[in-house]
Amino acid sequence: QVQLVESGGGLVQAGGSLRLSCAASGFIFSTNVMGWYRQAPGKQRELVASITSGGSGNYADSVKGRFTISRDNVKNTVYLQMNSLKPEDTAVYYCNFAGKSTWSRTFAYNTWGQGTQVTVSS
């Protein structure tokens, strides 16, 4: 079974840092584009960062320069290093597939884990 388990969230002061981890299993991790999404209360889920199989990252404008996505294809884990956190970064953060294939889009549309809560105080 495909599993994506997020961890590393918490409460942090504005300007602080957190590192999120996503442990993946049940599929060939190394060939898939992976991403981090977030959803704040009352708002739509948004993709904040993605990473290709080759390690090339892409970022939403709101986090560019502050967040870094990375992956370890041996450990089947994707990370999100979040620096200079702002209160508006407060959300539940999820990892999921972010590629363009039909399989990836279908899975990401239908299946989400519990996520990990990130709360940034003023």
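Scroll up to find the structure.
If you're wondering where the values come from, they're calculated on a predicted model, not measured in any experiment.

Caption draft 1: Main features of the sheet that holds strand β1 (residues 3-7). Strand order in the open sheet made by the four strands is β1-β3-β8-β7, with antiparallel pairing throughout. Bordering the open sheet on either side are β1 and β7 (67-72), each of which pairs with just one other strand. Adjacent strand axes in the sheet meet at a mean angle of 15°, parallel and antiparallel pairs treated alike.

Caption draft 2: Main features of the pattern of salt bridges. What the rule picks out here adds up to four salt bridges. Its salt-bridge partner being Arg38, residue Glu46 comes within 2.8 Å of it at the nearest N-O pair. One connected set of salt bridges, linked through shared partners, spans Arg38, Glu46, Arg66 and Asp89.

Caption draft 3: Representation of the sheet that holds strand β9 (residues 91-97). Spatially, the six strands line up as an open sheet ordered β2-β10-β9-β4-β5-β6, and their pairing is mixed. Sheet topology places β2 (10-13) and β6 (57-59) at the edges, where each strand pairs with a single neighbour. Neighbour to neighbour, the strand axes of the sheet diverge by 25° on average, direction disregarded. When strand β4 (residues 34-39) meets strand β5 (residues 46-51), the two strands line up antiparallel, connected through five bridges. Counted as the bridge partner of Arg38 is Glu46 from β5. Packing of helix α1 (residues 102-110) onto the sheet brings it into contact with β4 and β9, and relative to β9 it is tilted by some 150°.

Thresholds applied
Within every chain, residues take consecutive numbers counted from 1 along the sequence as written. Whole-chain, interface and lining totals are the exception, using all residues; otherwise, since this is a predicted model, local features are given only for residues with pLDDT of at least 70 and side-chain atom pairs are given and counted only at 80 or more. Values shown for side chains rest on all heavy atoms present in the structure; no hydrogens or waters enter the calculation. Think of it this way: DSSP has to see at least two bridges between two strands before they count as a pair. A helix here means a DSSP run of H or I that spans at least four residues, while a strand means a run of E at least two residues long, and both kinds are numbered starting from the N terminus. Fitted lines through C-alpha atoms give the axes, limited to the stretch in contact for helices. The angle between two N-to-C directions lies from 0 to 180 degrees. Each salt bridge in this description consists of a side-chain nitrogen of Lys or Arg and a carboxyl oxygen of Asp or Glu lying within 4 Å of one another. Throughout, a residue-residue contact means that at least one pair of heavy atoms, one from each residue, lies within 4.5 Å.

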